[in-house]
Amino acid sequence: MVYTVKTYNNINQVGLRELGNGFQIDGDQKENPDAYIIRSENLHGVDFPDNLKVIARAGAGTNNIPIDVATDHGIVVFNTPGANANAVKEAVIASTLLSARDYLGANKWVNTLTGDDVPSQVEAGKKQFAGTEIAGKTLGVIGLGAIGARIANDAVRLGMNVIGYDPYVSVETAWGLNRAIIRATEIQEIFKNSDYITIHVPLTPETKETFNREAFDLMGKDVTIINFARGELVDNKALFDAIETGVVKRYITDFGTEELLNKDKIIVLPHVGGSTEEAELNCAIMASQTIRRFLETGEIINSVNFPNVKQVLTTPFRITLVNHNVPNIVARISTRVSDAGINISNIINRSKNDHAYTLIDLDESDEEKVKALAAGFESSEHIIKVRIIKK
Ligand SMILES: NC(=O)c1ccc[n+]([C@@H]2O[C@H](COP(=O)([O-])OP(=O)(O)OC[C@H]3O[C@@H](n4cnc5c(N)ncnc54)[C@H](O)[C@@H]3O)[C@@H](O)[C@H]2O)c1
Ligand SMILES: O=C(O)CC[C@@H](O)C(=O)O
């Protein structure tokens, strides 16, 4: 069996080798592939082909994918948690330093100097670029996931006081946080007490415009806002007013819109937080591995719309189903299998909200019987996607 994969954006070619020989990338069937691997491609409003079973986002944010639509089509969506976190962490640390000292302005100025006495002009003019140090200043980190936790820990090592806010922080991440990090129970504590604030949350209806007028009203003076998460987390009109009144000293963001460009106190980067060789390789490897595992074994790891399902395949055939999460569905599925005269070696059913994923290992080596059973599932109420996996 050869699976076809359509790639969007620039996916690292070396990482794609993890798919192995059983995969054809951008092959003849690319109009109806089994899998997509994407980065920032916007899939909202795009029709999904019938054959599409899986989308892997080589990166963290999945707001460019209509997750609900994918789920309704039985398409499993993965991302690559933490694969580009170190790259973003380094970009944020660099941004903190760029705000503390006007290196960009200083470099621009020094390039304007001419003549034999450049060294003396430098000495005479450099006072305009005296900055501050980040040690001893307070950094507020909103979102303590893969990126935020790394930044919080490194900022402590750089001598900063760190306050973190994340009401959903995972137990694993919490264990890894430096004990010097103060835990804010309300986001307002971050706004009130920070000299620098960096945000690392997914863009959701809850997080949209986290930086709004009320947030800026709580801040002191000369606060630096760093946003490598998503542009929509900031209300730009409120930001411009906060810059005007001296509340915000600088805004550094990875997400440009025209209104942000060429402004004195705003530094815009072209969405390069995760753009390092290492991160792009990590993301492509993880995306390829999760797709391969899912298509070849039916196992789900790191999905954003279905629960993890792990089970070593030991029987000749496995059937996987994406189904609606309705009462009695597992009993109905089991009855269908026994009515087909097939014994179930193992069945796993895991649900997330309105949908579930069911993995059925069959003690049956007659492929025709298994195909007939799968065909029956195809036409069953509440069953959305059916796959046969052969050992
Ligand atoms: N600029 C880039 O190139 C780039 C690269 C990677 C990630 N990102 C963006 O950064 C985001 C975070 O990435 P990550 O890898 O750290 O993701 P992650 O899933 O590891 O961490 C996100 C954290 O945000 C927390 N969170 C969710 N809602 C929250 C809320 N309302 N308040 C506070 N915390 C909340 C979660 O509990 C989680 O700990 C991504 O969703 C993506 O949008 C951008
Ligand atoms: O793929 C990229 O270039 C950016 C990725 C980044 O926004 C992410 O959410 O991981």
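Rules and cut-offs
- Residues numbered from 1 in each chain as written.
- Chains lettered and ligands numbered in written order.
- Predicted model: local features only at pLDDT ≥ 70, side-chain atom pairs only at ≥ 80, totals over all residues.
- UniProt positions renumbered as here; feature names shortened; annotations may be inferred.
- Helix = DSSP H or I, 4+ residues; strand = E, 2+ residues; numbered from the N terminus.
- Core = buried A, V, L, I, M, F, W, Y, C linked by C-beta atoms within 7 Å.
- Buried ≥ 20, exposed ≤ 12 C-beta atoms within 10 Å, placed from the backbone.
- Contact = placed C-beta atoms within 7 Å.
- Near = placed C-beta within 6 Å.
- Nonpolar A, V, L, I, M, F, W, Y, C, P; charged D, E, K, R; others polar.
- Domains from an automatic or database assignment.
- Expected span 1.5 Å × (residues − 1).
- Pairing = 2+ DSSP bridges.
- Axes fitted to C-alpha atoms, helices over the stretch in contact; angles between N-to-C directions.
- Right-handed = clockwise from strand over helix to strand, strands pointing away.
- pLDDT = per-residue confidence, 0-100.

Looking at an unreviewed UniProt entry, one finds the chain named D-3-phosphoglycerate dehydrogenase and attributed to Pseudolactococcus plantarum. The UniProt entry for the chain carries the following comment under Sequence similarities (unreviewed entry): "Belongs to the D-isomer specific 2-hydroxyacid dehydrogenase family." According to the UniProt record, the Function (unreviewed entry) comment for the chain is "Catalyzes the reversible oxidation of 3-phospho-D-glycerate to 3-phosphonooxypyruvate, the first step of the phosphorylated L-serine biosynthesis pathway. Also catalyzes the reversible oxidation of 2-hydroxyglutarate to 2-oxoglutarate."

Our next topic: the UniProt feature "domain: ACT" (unreviewed entry) in the chain. According to UniProt, the feature "domain: ACT" (unreviewed entry) maps to residues 318-391 in the numbering used here. Along residues 318-391, the helical share is 31% and the strand share 46%, with 8 Å between the first and last C-alpha atoms.

Residues Ile37, Val54 and Ile291 are the most contacted members of the largest nonpolar core, which totals 99 residues. No other element matches helix H11 (residues 277-297), which puts 8 residues into this core. For Val54, the contacting residues outside a window of four places in its chain are Asp34, Ala35, Ile75, Val76, Phe78, Ile291, Phe294 and Leu295.

As a structural note, the neighbourhood of ligand 1 is formed by 32 residues, with Gly61, Gly143, Gly145, Tyr168 and Gly273 the closest of them. At the level of elements, helix H3 (85-100) and helix H6 (146-157) are the ones that each hand at least two residues to the shell around ligand 1. Broken down by element, the shell around ligand 1 gets its largest block of residues, 3 residues, from H6. Tallied by class, residues from the shell around ligand 1 come to 17 nonpolar, 11 polar and 4 charged. The residue makeup of the shell around ligand 1 includes at least three contributed by each of domain 1 (1-84 + 276-306) and domain 2 (86-268).

What follows concerns H11. With 21 residues, H11 extends 30 Å from end C-alpha to end C-alpha; this agrees with the ideal 30 Å at 1.5 Å per step. Every buried residue of H11 is accounted for by Ala279, Glu280, Asn282, Cys283, Ala284, Met286, Ala287, Ser288, Thr290, Ile291, Phe294 and Leu295. Packed against the buried residues of H11 are strand S1 (3-7), helix H1 (13-16), strand S3 (35-38), strand S4 (54-57), strand S5 (76-78) and H3. Positive backbone phi, at 85°, marks Gly298, one or two positions downstream of H11.

This part covers the domain arrangement of the chain. According to the domain assignment, the chain contains domain 1 (1-84 + 276-306), domain 2 (86-268) and domain 3 (309-391). Each of domain 1 and domain 3 has a C-alpha centre, and these two points are 23 Å apart. With 10 residues of domain 1 in contact, the opposing surface of domain 3 contributes 15 residues.

This part is about the environment of Arg157. Residue placement: Arg157 occurs in helix H6. A sequence separation of 194 residues divides Arg157 from Ser351, and the C-alpha atoms of the two residues are 42 Å apart.

Okay, the environment of Ser95 next. Position of Ser95 among the secondary structure elements: in helix H3. Residue Ser95 is classed as buried on the basis of its 24 C-beta neighbours within 10 Å. Along the chain, Ser95 and Thr224 lie 129 residues apart, while their C-alpha atoms are 9.5 Å from each other. The residues contacting Ser95, other than those within four sequence positions of it, are Ile226 and Ile252.

Moving on: the sheet that holds strand S12 (residues 266-268). Strand order in the open sheet formed by 7 strands is S8-S7-S6-S9-S10-S11-S12, with parallel pairing between adjacent strands. The open sheet is flanked by strand S8 (182-183) and S12, the only strands paired with a single partner. Sheet topology places strand S10 (residues 223-227) next to strand S11 (residues 248-253); 5 bridges connect them, and they run parallel. Looking at S11, one finds that Thr224 is bridged to Arg250. Sheet contacts for H3: strand S9 (196-199), S10, S11 and S12; angle to S11, the most-contacted strand, approximately 150°.

What the 4 strands build is an open sheet, ordered S14-S15-S13-S16; its pairing is antiparallel. The open sheet has two edge strands with one neighbour each: strand S14 (343-352) and strand S16 (383-390). Neighbour-to-neighbour, the strand axes of this sheet turn through a mean angle of 15°, independent of strand direction. Where strand S13 (residues 317-324) meets strand S15 (residues 355-363), 8 bridges bridge the pair, whose relative direction is antiparallel. The residue of S15 that forms the bridge with Ile319 is Ile360. Seen against the sheet, helix H12 (residues 329-339) touches S13, S14 and S15 and runs at an angle of roughly 155° to S14. Of the strands in this sheet, S13, S15 and S16 are in contact with helix H13 (residues 367-378), which crosses S16 at around 165°.

Residues Val54 and Ala56 point to one face of S4 and Ile55 and Arg57 to the other, with burial holding for every one of them. Direction of pairing for S3 relative to S4: parallel, over a ladder of 4 bridges. Each bridged residue has a counterpart across the sheet, and for Tyr36 the counterpart in S4 is Ile55. In terms of strand pairing, S4 meets S5 through 3 bridges, oriented parallel. Considered in S5, the bridge of Ala56 is made with Phe78. Of the crossover connections in this fold, the one passing from S4 over helix H2 (residues 67-72) to the parallel S5 is right-handed.

What surrounds ligand 2 is the set Arg39, Ser40, Gly59, Ala60, Gly61, Asn84, His271, Gly274 and Ser275. Of the residues contributing to the shell around ligand 2, the split by class is 1 nonpolar, 7 polar and 1 charged.

For the chain, the average pLDDT comes to 97, and 99% of its residues sit at 70 or higher. With a pTM of 0.96, the predicted complex shows an ipTM of 0.99.

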